[in-house]
Amino acid sequence: MTRKFIFHHDGVHYYRLSVYRMRMNVQSVYTYLVDDVLIDTGQRHNRENIYNLVHDKNISKILLTHHHEDHSGNVAFLMRKKQVKGYAHPKCSEILSVGYSTSALAKILNGSVDRAFLDNLYETDIVETEHHRLEPIYTPGHSEDHYCYFERKKGWLFSGDIFVAEKIKYFAPYESLFQQIDSIKKLLQLDFDVLFCSHNPKLEDGKQRLKNKLQFFEDFSGEVEKYYRQGHNSRQIFALMGGKENYYYKVLTLGNFTAENMVRSVVKELKKAGS
Ligand SMILES: [Fe+2]
C-alpha cells in the first residue's frame, strides 16, 4: 500500500512519498518542485503517485541530490514522460548510466532503479528557474555523488540526505563520518534557515539544526578516537560507548545498516590517516 501527501512552503511544492509494508511506514522521501524544476523523484514503488502529482505540472528539468534508489527511482521514467533532461553530479550520472543494482531487500522495499542518462552538473553551474537560482553544493560523505542545492536569496537548502536528523544512530558501510563533517562545515559557511531535507524537512532553524548535527558528529568521533588511541578495535569501542544495534534494521538490511558502522567509519579513517 502506498500513500502520498502534498505540502507547500513559500511557493515550493513538495510531496511526501511513503512506502508501507505490513501497515508499517518503511520509507518516506520528499521530492520538491521549485517553479519548474523537480528535485528528486522518489521510489520506484511510488511511480504512479509521483506521476499523478506532476503529470500536469510544467517541468523543465529534474535535479537529483544523489543516486540512491529513494531519490532516483523514477528519474528515467519522468524524463521520458515529461520529455525533459535530468542533471546530477558527474559521479551520479556515471552510476545511473551503467545501471545501479539495488539489494534484493531494497527492491522489495523501494523498488529497482532504471538506467538513466543524465547530464553532468558542476558546482559552477547555477540552475535558474523563473524566480530562483539553485546552486549545487558538493557534499560527499553520505554518498560520493551528493549535492545539496542552495537558494541564496531565500536561504533555502535542499539538503538531500546530509541532515536527516540532528542525532543519527545508523550508518551504511559506504558512509564516511569525517567527510560528512567536512560537508556540513562547508554548508555552514552559507546563509540559510530552511532545510528542505529529503526525509525530514525543517522549515525553520535549519542552520542551527545542522550545527547541532556537526556537534553530535564531532562529539561522537572524538569519543571513538579516545578509545581508539587506548588500543581498542571497532567492536570494543562500540561496546565501550554503550552502543546498541537495532536488530530489526540489521536483519532487514542484511547487516548493512548498523550502529557499529558509525564507529567503523571513524576507525577506518583514523587508520588510513596513519594516526
Ligand atoms: Fe541516500
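What counts, and where the lines are drawn
- The residue numbers shown here count from 1 along each chain, following its written sequence.
- Given that the model is predicted, a residue must reach a pLDDT of at least 70 before its local features are reported, and side-chain atom pairs must reach 80 or more before they are shown or counted; all residues, however, enter totals for whole chains, interfaces and linings.
- Working from all heavy atoms in the structure, the side-chain values ignore hydrogens and water.
- Segments assigned H or I by DSSP are reported as helices when at least four residues long, segments assigned E as strands when at least two residues long, and all are numbered from the N terminus.
- Exposure classes here rest on a 1.4 Å probe applied to the protein chains alone. A residue is buried below 20% of its type maximum, exposed above 50%, and partly exposed in between.
- We get accessible surface area from the Shrake-Rupley algorithm with a probe of 1.4 Å; when it comes to residues, only the shown protein chains can shield them.
- The rule for donors is simple: an N, O or S atom within 2.8 Å of the metal counts, and for Na, K and Ca the reach is 3.2 Å. Water is not among the atoms, so a site may look short of donors.
- Geometry is assigned from the angles between donors: four donors with all angles from 85 to 135 degrees make a tetrahedral site, four or six donors whose opposite pairs exceed 155 degrees while the rest stay between 65 and 115 make square planar or octahedral sites respectively, and everything else is labelled irregular.
- Any two rings among Phe, Tyr and Trp, with Trp reduced to its six-membered ring, count as a pair given centres within 6.5 Å; such a pair is stacked if its planes are under 30 degrees apart, edge-to-face if over 60, and tilted if neither.
- Whenever a carboxyl oxygen of Asp or Glu lies within 4 Å of a side-chain nitrogen of Lys or Arg, that contact is scored as a salt bridge.
- Two strands qualify as a pair provided DSSP detects at least 2 bridges between them.
- Side-chain atoms within 4.5 Å link the members of a nonpolar core, which is a set of buried Ala, Val, Leu, Ile, Met, Phe, Trp, Tyr and Cys residues.
- We call two residues in contact whenever any of their non-hydrogen atoms come within 4.5 Å of each other.
- Any N or O atom pair separated by 3.5 Å or less is treated as a polar contact, with the protein-specific requirement of one donor-capable and one acceptor-capable atom, and with residues adjacent in sequence counted only for side-chain atom pairs.
- In this analysis an axis means a line fitted to C-alpha atoms, helices contributing only their contacting stretch, and an angle means the value between N-to-C directions, from 0 to 180 degrees.
- Reported orientations rely on four angle classes, namely roughly parallel under 35 degrees, roughly antiparallel over 145, roughly perpendicular from 65 to 115, and oblique for the rest.
- Should the near helix be turned counterclockwise from the far one by less than a right angle, the crossing is left-handed, whereas a clockwise turn marks it as right-handed.
- Polarity classes work like this: nonpolar for Ala, Val, Leu, Ile, Met, Phe, Trp, Tyr, Cys and Pro, charged for Asp, Glu, Lys and Arg, and polar for all others, with Gly in that last group.

Draft legend 1. Broad picture of the overall build of the protein. Across its full length, the protein carries 10 helices and 12 strands. Summarising its shape, the C-alpha atoms of the protein cover approximately 60 × 40 × 35 Å along the three principal directions. Buried positions account for 53% of the 275 residues belonging to the protein. Of the roughly 13000 Å² that the protein leaves accessible, carbon and sulfur atoms contribute 49%.

Draft legend 2. Spatial organisation of the coordination of the iron ion. Summarising the metal site, the iron ion is bound by the protein donors His66 (NE2), His68 (ND1), His142 (NE2) and Asp161 (OD), whose distances to it range over 2.1 to 2.3 Å. The coordination sphere of the iron ion comprises four donor atoms, whose angles at the metal cover 88 to 178°; the geometry is irregular. Sequence positions of the donors to the iron ion reduce to the motif H-x1-H-x73-H-x18-D. Here the residue His68 occupies a position in the loop between strand S5 (61–63) and helix H2 (69–72), and Asp161 occupies one in the loop between strand S11 (156–160) and helix H6 (177–187), the gap between them amounting to 93 residues. For the pair formed by His68 and Asp161, the shared burial category is buried.

Draft legend 3. Seen up close, the packing of aromatic side chains. Following the criterion strictly, the structure yields 17 aromatic pairs and no others. Ring geometry for Phe7 against Tyr30: centres 6.0 Å apart, planes inclined by 45°, an arrangement best described as tilted. Highlighted residues: Phe7 in strand S1 (residues 2–9) and Tyr30 in strand S3 (residues 24–34), separated in sequence by 23 residues. Given a relative accessible area of 27%, Phe7 falls into the partly exposed group. Given the relative accessible area of 8%, Tyr30 is considered buried. Consider the rings of Phe171 and Phe217, whose centres lie 6.2 Å apart with planes at 80°: the pair is edge-to-face.

Draft legend 4. Expanded view of the pattern of salt bridges. A full pass over the atoms with the stated rule returns 13 salt bridges. Linking Lys85 and Asp119 is a salt bridge whose minimum nitrogen-to-oxygen distance equals 3.4 Å. Taken together, the residues Lys85 in strand S6 (residues 85–88) and Asp119 in strand S7 (residues 119–120) connect sequence positions 34 residues apart. For Lys186, the salt bridge goes to Glu123, with nearest N and O atoms at 3.0 Å. Of this pair, Lys186 sits in helix H6 while Glu123 sits in the loop between S7 and strand S8 (127–128), and the two are 63 residues apart along the sequence. Here Glu123 falls in the partly exposed class, since its relative accessible area comes to 37%.

Draft legend 5. Highlighting the sheet that holds strand S10 (residues 147–151). The sheet built from five strands is open, its strands ordered S8-S9-S10-S11-S12 with mixed pairing. Both outer strands of the open sheet, S8 and strand S12 (194–197), are each paired with one neighbouring strand and no more. Direction of pairing for S11 relative to S12: parallel, over a ladder of four bridges. Bridging across to S12, Gly160 finds its partner in Cys197.

Draft legend 6. Molecular detail of the nonpolar core. By size, the foremost hydrophobic cluster in this structure holds 34 residues, and its most contacted members are Leu157, Leu177, Leu187, Phe192, Leu210, Phe217 and Met262. Broken down by secondary-structure element, the contributors of at least two residues to this core are S10, H6, S12, helix H7 (206–229), helix H8 (234–240) and helix H10 (260–272). Among all residues touching Phe192, those that are not within four sequence positions of it are Phe150, Gly155, Trp156, Leu157, Leu187, Gly206, Lys207 and Leu210. Judged by nonpolar contacts, the second largest core, of 25 residues, contains Leu53, Ala76, Phe77 and Val84.

Draft legend 7. Structural context of the side chain of His132. Inspection of the secondary structure assignment puts His132 in the loop between S8 and strand S9 (133–138). Here Glu151 takes part through its side chain, which lies 2.8 Å from a polar atom of the side chain of His132.

Draft legend 8. Representation of the packing of H6 against H7 within the structure. Where H6 meets H7, the closest approach of the two axes is 10 Å, and the angle between their N-to-C directions is 150°. By the angle between their directions, the pair H6 and H7 is classed as roughly antiparallel. In the crossing of H6 with H7, the sense of the turn from one axis to the other is left-handed. Along its contact with H6, which presents Leu177, Phe178, Gln180, Ile181, Ile184, Lys185 and Leu187, the element H7 presents Leu210, Lys213, Leu214, Phe217, Glu218, Phe220 and Ser221. Per-class residue counts for the contact of H6 with H7 are nine nonpolar, two polar and three charged.

Draft legend 9. How the structure looks around the packing of helix H1 (residues 47–54) against helix H3 (residues 75–82). Interhelical geometry of H1 versus H3 gives an angle of 35° and a closest axis separation of 11 Å. In this structure, the crossing between H1 and H3 has a hand that is right-handed. Taking contact as the criterion, the partners of Arg47, Ile50, Tyr51 and Val54 in H1 are, on H3, Phe77, Leu78, Lys81 and Lys82. Partitioning the contact of H1 with H3 into residue classes produces five nonpolar, no polar and three charged.

Take it as geometry only, folks, not as evidence of what the structure does.
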